[in-house]
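One letter stands for each residue in the lines below.
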Amino acid sequence: MIAELVNVATSPWRGGAETPCLEGDELVRAFVAMVGERTRKAVLDDLDADVRLGELARELREVLVADQAADQAALINAMIRRYGAQPYLVEDAGQPFHLHFHGAGGTAVEALGGEFATALALIVDGYGPDRFGQCAAHRCDAVYIDLTRNGSRRYCSSACTARAKTAAYRSRRHA
């Protein structure tokens, strides 16, 4: 969900095509289509959700494309502080208790900011700092979060992977 928010709000090139970045009500509609009912209602009730989601997406993009692990950690830590991420246990239907880290802010987007920042911190802690990146495919600046076992992901989607492999094949064939 983090990468999807960042991509729809900040990536003008996705999958080899120029794609307008969403903002305002379009961004809110696209985002609430990705979340559960409780979050959807809270975001829709937030009068400034459009502005806050855009700001959050830009902050998250900085983390995901940071070149240095120290810069990445500093950005994540700043977000955790900014959004006041605090852990609490939640029992969802049919699932055991598990941790959430909503931010302590007064809006739904600020709560999500705390949760997203903490999720990124947990990924760095569990998988290492090299699990975020920008798509390596030509004419795509979408971001990805790599949770694969071997950490080999370099493309945002299977479509970009296929485009890159096809281009490489054609390049070898004509060389």
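Worth saying up front: this structure is predicted, and the values here are computed from it rather than measured. Throughout, residues of each chain are indexed from 1 in the direction in which the sequence is written. This being a predicted model, a pLDDT of at least 70 is required before a residue's local features are given, and a value of 80 or more before pairs of side-chain atoms are given or counted; all residues contribute to the totals for chains, interfaces and linings. Here the side-chain values reflect all heavy atoms present in the structure, with hydrogen atoms and water set aside.

Student: When you look at the overall build of the protein chain in this model, what are you seeing that I'm missing?
Tutor: If you tally the helices and strands in the protein chain, you get seven helices and six strands. Its helices and strands in sequence order give the protein chain the pattern α-β-β-α-α-α-α-β-β-α-β-β-α, from N to C terminus. Relative to the globule expectation of 16 Å for 175 residues, the C-alpha radius of gyration of the protein chain, 17 Å, shows essentially globular dimensions. The principal-axis extent of the C-alpha atoms belonging to the protein chain is close to 60 × 35 × 35 Å. By the criteria applied, helices consist of DSSP H or I runs no shorter than four residues and strands consist of E runs no shorter than two, each listed in order from the N terminus. The globule rule used here is 2.2 Å times the number of residues to the 0.38 power, and the radius of gyration it is set against is calculated over C-alpha atoms.

Student: Can you help me understand the nonpolar core in this one?
Tutor: In summary, soluble globular proteins display a tendency toward joint burial of nonpolar side chains. The biggest cluster of nonpolar side chains holds 32 residues, and the ones touching the most others in it are Leu5, Val43, Leu60 and Leu120. Of all elements in the fold, only helix 1 (2-10), helix 2 (24-32), helix 4 (49-65), helix 5 (69-83), helix 6 (108-127) and strand 6 (143-145) reach the threshold of two or more residues within this core. Once residues lying within four places of it in the same chain are set aside, the contact partners of valine 43 are Val28, Phe31, Val32, Ala49, Leu53, Ala108 and Leu112. Only buried Ala, Val, Leu, Ile, Met, Phe, Trp, Tyr and Cys residues count toward a nonpolar core, and they belong to the same one when joined by side-chain atoms within 4.5 Å. Throughout this description, buried means an accessible area under 20% of the type-specific maximum (1.4 Å probe, protein chains only), exposed means over 50%, and partly exposed covers the range between. Grouped together as the second largest cluster of nonpolar side chains are six residues, Cys135, Ala137, Cys156 and Cys160 included. Contact definition: two residues touch when any of their heavy atoms are within 4.5 Å.

Student: Can you help me understand helix 2 in this one?
Tutor: Every α-helix winds through 3.6 residues per turn, so residues three or four apart in the chain are directed the same way. Turning to helix 2, its buried residues number three or more, namely Leu27, Val28, Phe31 and Val32. In a view along the axis of helix 2, the buried residues occupy a sector of 120°, so they form one face of it. Seen from the open side of helix 2, the exposed residues pointing more than 90 degrees away from its buried face are Asp25 and Arg29. Packed against the buried residues of helix 2 are helix 1, helix 3 (37-45), helix 4 and helix 6. To obtain the arc, one takes the directions from the helix axis to the C-beta atoms.

Student: Could you clarify how one ought to interpret a nonpolar patch on the surface in this entry?
Tutor: To count toward a patch, a residue needs a relative accessible area over 30% and no salt bridge; like charges are then connected within 9 Å, while nonpolar side chains (Val, Leu, Ile, Met, Phe, Trp, Tyr) are connected within 5 Å. Residue burial considers only the protein chains on display, and all accessible areas are found by Shrake-Rupley using a 1.4 Å probe. In what follows, salt bridge is the name for a side-chain nitrogen of Lys or Arg lying within 4 Å of a carboxyl oxygen of Asp or Glu. Taken together, the side chains of Leu89, Phe97 and Leu99 present a nonpolar region at the surface, about 350 Å² in accessible area. Looking at leucine 99, the relative accessible area reads 48%, which means it is partly exposed.

Student: How do you make sense of the pairing of strand 4 (residues 97-100) when you look at a structure like this?
Tutor: The two faces of a sheet get side chains in turn, since along a regular strand they alternate between them. Note on pairing: two strands pair once DSSP finds at least 2 bridges between them. Pairing analysis gives four bridges linking strand 3 (residues 88-91) to strand 4, with the strands arranged antiparallel. When the bridges of strand 4 are listed, valine 90 appears paired with histidine 98. Between the end of strand 3 and the start of strand 4, which pair antiparallel, lie five residues, with glycine 94 showing a positive phi angle near 75°.

Student: Looking at this structure, I do not really get the side chain of threonine 118. What am I missing?
Tutor: Mapped onto the elements, threonine 118 comes out in helix 6. Ignoring any residue separated from it by four or fewer positions in sequence, one finds threonine 118 in contact with Ile80, Ala85 and Phe101.

Student: In this structure, what is going on with the environment of leucine 147? I would like to understand it.
Tutor: You can see leucine 147 is positioned in the loop between strand 6 and helix 7 (158-173). Owing to a relative accessible area of 46%, leucine 147 belongs among the partly exposed residues under this scheme.

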